Amino acid sequence: MTTTDIKELSLSEKLRLMEALWDSLRDEGKTMESPAWHADVLAERLNGVSRGEDLVSDWNEARERVRAQVRGT
């Protein structure tokens, strides 16, 4: 698939492709180490949640919220 092919996809097709890419990266990521700065960002975000400044959604809820926005509902 080329960049031109991707540009010709509908938005819903692009989103499905992104999900497939993330799934693939997630599976491969089990063998990769995260950069040190990731731990800093994660700690900062967890502190925001602890202080009640940031909200958390599980992945399925977040994905459905994005899909609803794309559908316009």
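Residues numbered from 1 in each chain as written. Predicted model: local features only at pLDDT ≥ 70, side-chain atom pairs only at ≥ 80, totals over all residues. Heavy atoms only, no water.

A. Layout of the overall build of the protein. Of the regular secondary structure elements, the protein holds 4 helices and 0 strands. Scanning the protein from its N terminus toward the C terminus, one meets helices and strands in the order α-α-α-α. For 73 residues, the compact-globule estimate of 2.2 N^0.38 gives 11 Å, and the protein exceeds it by more than 25% at 16 Å. Overall size of the protein, expressed as C-alpha extent along the three principal axes, is 45 × 35 × 20 Å. Put simply, the protein has 73 residues, and 4% of those count as buried. Taken as a whole, the protein presents about 6700 Å² of accessible surface, with 56% of it coming from carbon and sulfur. Measuring between centres, the 11 positive side-chain charges of the protein sit 5 Å from its 15 negative side-chain charges. (Helix = DSSP H or I, 4+ residues; strand = E, 2+ residues; numbered from the N terminus. Rg over C-alpha atoms; globule rule 2.2 N^0.38 Å. Buried < 20%, exposed > 50% of the residue type's maximum accessible area, 1.4 Å probe, protein only. Areas by Shrake-Rupley, 256 points an atom, 1.4 Å probe, with all protein chains shown as cover. Lys, Arg positive; Asp, Glu negative; His and termini not counted. Charge placed at Lys NZ, Arg CZ, Asp CG, Glu CD.)

B. Region of the structure containing the environment of A62. Along the chain, A62 falls in helix α4 (residues 59-71). A sequence separation of 57 residues divides A62 from D5, and the C-alpha atoms of the two residues are 27 Å apart.

C. Examining the pattern of salt bridges more closely. Following the criterion strictly, the structure yields 6 salt bridges and no others. Notably, a salt bridge pairs E19 with R67, separated by 2.9 Å at the nearest N-O pair. Placement of the pair is E19 in helix α2 (residues 11-29) and R67 in helix α4, with a sequence separation of 48 residues. Taking the relative accessible area as the measure of exposure, R67 reaches 29% and is therefore partly exposed. For R26, the salt bridge goes to D23, with nearest N and O atoms at 3.2 Å. Here R26 and its partner D23 are both found in helix α2, 3 residues apart, which amounts to about one turn of the helix. On the accessibility criterion, D23 (36% relative accessible area) is partly exposed. Residues participating in the shared-partner salt-bridge network are E19, E64 and R67. (Salt bridge = Lys/Arg side-chain N within 4 Å of Asp/Glu carboxyl O.)

D. Looking closely at the confidence of the model for the protein. When pLDDT is averaged across the protein, the result is 90; 97% of the residues are at 70 or more. The lowest-confidence element of the protein is α2, averaging 90 in pLDDT; the highest-confidence one is helix α3 (residues 36-50), averaging 94. (pLDDT = per-residue confidence, 0-100.)

E. A look at α4. For α4, with 13 residues, the first-to-last C-alpha span of 18 Å sits near the 18 Å given by 1.5 Å per residue. Directly beyond the C-terminal end of α4, a positive phi value near 80° is found at G72. (Expected span 1.5 Å × (residues − 1).)

F. Main features of α3. Here α3 spans 22 Å end to end across 15 residues, near enough to the 21 Å set by a 1.5 Å rise per residue. Two residues or fewer after α3 comes G52, characterised by a positive phi angle close to 80°.

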